[in-house]
Amino acid sequence: MASSGWIERIRGRIGARSAELKLALRVTIAGTLAYSVTKILDLPQGYWAVITAVVVMQASVGGSLKAAVERFSGTLTGAIYGGLIAAFVPHSSPLNLGFAMVVALFPLALLAAVKPAFRVAPITSLIMLLPPTGQAIGPLASAFDRVLEITLGNIVGVVVSVFILPARAHTLMTDAAAKVVSLNAELFSVFIEELTAGPQGRSALQKLHPQIRSALKKAEAAAEEATRERKSHLTEAPDPEPLIRTLYRVRHDLVMIGRAASTPLPAPVRDRLGHSLIALHETTRALLLELAQALQHRKAPPEPYAFQEALNAFSGEAEAFRSEALMRELPGKAFGQVFALGFAFEQFRLDLSDLLLRTEDLTLERAHRPAES
């Protein structure tokens, strides 16, 4: 029994790192395959192909395409410019070599600063001045071999990324989006607790906000890679931009709710609206958690009927309460707080409905094509 539990824990940890294990396997295959090809072709500087294949491998196909394009463009630019400097600028003495390095590095370093896609160009240009075999075969021939081997490494890296346990950027994006939505459910719970019980969840907020920002950045980065996959005709998945845009709008709605929840509701308001507020909390949390599961597994989104009924009930109670004489006896801040909550919840309803539609688009897209890995 003890050994069985130990094995299950190991399996659980491995399962939690399945994406990382797949990436490690793809990197290993890409490096080994590139080395084998360079030996078959008898390339003089084959290690560059191996290094490039490893560098190109990213978490998704779109990321690998980006890395391959940037590495090739930077290498080509650096090889051409560095090869010309090595061929026509004397660099036999230390002083001449120092001057040649300045001439070779500064223009390309400026280019890389303006356009980060060329960040390997200065490195390549410098290598052209001190190539391992360049003194034997000449700077221009060395530059040609380097470009050839980098090209080979790019091809191997992209091919392995596409065909060996491919991780599509759309899948990574929906996983990150699911994480955002589940964290939003936790955030919403903290806000309702602050409204009803006081600012007891401030420590939780300090942890939740950075986690949400991090998950949003991951989703946005994956969306950029997914767009690249679409432009390369590697997938027919829908445009990822609407989903990311809607996630940010929902995030802004929660910020508005959080501002309205910065202080507890006055006792008379809490006594009148507490029941509907708790019902809204329960249905909203359930809807967000189910939506996160739908995004993660690319399933149909949940129906929002319970959430909408709870929000309508709260809005009706709040509207009736604002019109009563009791409300006029409360401080103006309390009146404004109830009004702000009602407005923020209504904006949240609109953007959450849009998020459900974006999730449904992903489901419809998957129903018309084979599931991606």
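You'll find the structure just up there.
All residue numbers here refer to positions counted from 1 along the written sequence of the relevant chain. This being a predicted model, a pLDDT of at least 70 is required before a residue's local features are given, and a value of 80 or more before pairs of side-chain atoms are given or counted; all residues contribute to the totals for chains, interfaces and linings. To get the side-chain values, all heavy atoms of the structure are used, and hydrogens and water are removed first.

Helical segments are the DSSP runs of H or I of at least four residues, strand segments are the runs of E of at least two, and each set is numbered from the N terminus. Looking at the secondary structure, you find Thr-284 in helix α12 (residues 267-297). Two residues form a contact once any of their heavy atoms are found within 4.5 Å. Discounting residues that sit within four places of it in the chain, Thr-284 has contacts with Phe-188, Phe-307 and Phe-348.

This part covers the pattern of salt bridges. Put simply, a salt bridge is a Lys or Arg side-chain nitrogen that is within 4 Å of an Asp or Glu carboxyl oxygen. The tally for this structure, following the rule as stated, stands at 11 salt bridges. When salt bridges that share partners are traced, they join Arg-249, Asp-351, Asp-354, Arg-358 and Asp-361 into one network.

With that out of the way, let us pick up the packing of aromatic side chains. Stacked, tilted and edge-to-face pairs are distinguished by plane angle, under 30 degrees for stacked and over 60 for edge-to-face with tilted covering the rest, among Phe, Tyr and Trp rings (Trp via its six-membered ring) whose centres lie within 6.5 Å. What the rule picks out here adds up to 4 aromatic pairs. A centroid spacing of 6.1 Å and a plane angle of 50 degrees characterise the contact between Phe-188 and Phe-345, whose relative ring orientation is tilted. In this pair, Phe-188 is assigned in helix α9 (residues 169-197) and Phe-345 in helix α15 (residues 332-367), connecting sequence segments 157 residues apart. This pair shows no difference in class: Phe-188 is buried, exactly as Phe-345 is. Relative to Phe-345, the ring of Phe-314 lies with its centre 5.3 Å away and its plane at 85 degrees, an arrangement referred to as edge-to-face. Partly exposed residues are those whose accessible area sits between 20% and 50% of the maximum for their type, while under 20% is buried and over 50% is exposed, using a 1.4 Å probe and protein chains only.

Relative to the assigned elements, Asp-253 resides in helix α11 (residues 241-260). Here the positive residues are Lys and Arg and the negative ones are Asp and Glu; neither His nor the chain ends is included. No salt bridge is formed by the buried Asp-253; the nearest opposite charge belongs to Arg-249, separated by 6.5 Å.

Bringing a nonpolar patch on the surface into the picture now. Taken together, the side chains of Phe-72, Leu-76, Ile-80, Leu-84, Phe-88 and Leu-140 present a nonpolar region at the surface, about 570 Å² in accessible area. For the nonpolar patch, the leading source of residues is helix α4 (residues 61-88), giving 5 residues. When its relative accessible area of 30% is taken as the criterion, Leu-76 is described as partly exposed. Like-charged residues within 9 Å of one another, or nonpolar side chains (Val, Leu, Ile, Met, Phe, Trp, Tyr) within 5 Å, are grouped into patches, provided each residue has over 30% relative accessible area and no salt bridge. Where accessible areas are quoted, they stem from the Shrake-Rupley method and a 1.4 Å probe; at the residue level, only the protein chains shown are allowed to cover.

This paragraph deals with the environment of Gln-58. By the secondary structure assignment, Gln-58 is in the loop between α3 (47-56) and α4. Note on Gln-58: relative accessible area 29%, which makes it partly exposed. With 103 residues separating them along the chain, Gln-58 and Ser-161 place their C-alpha atoms 7.8 Å apart. Apart from residues no more than four positions distant in its own chain, Gln-58 is found in contact with Leu-23, Arg-26, Gly-63, Ser-64 and Ala-67.

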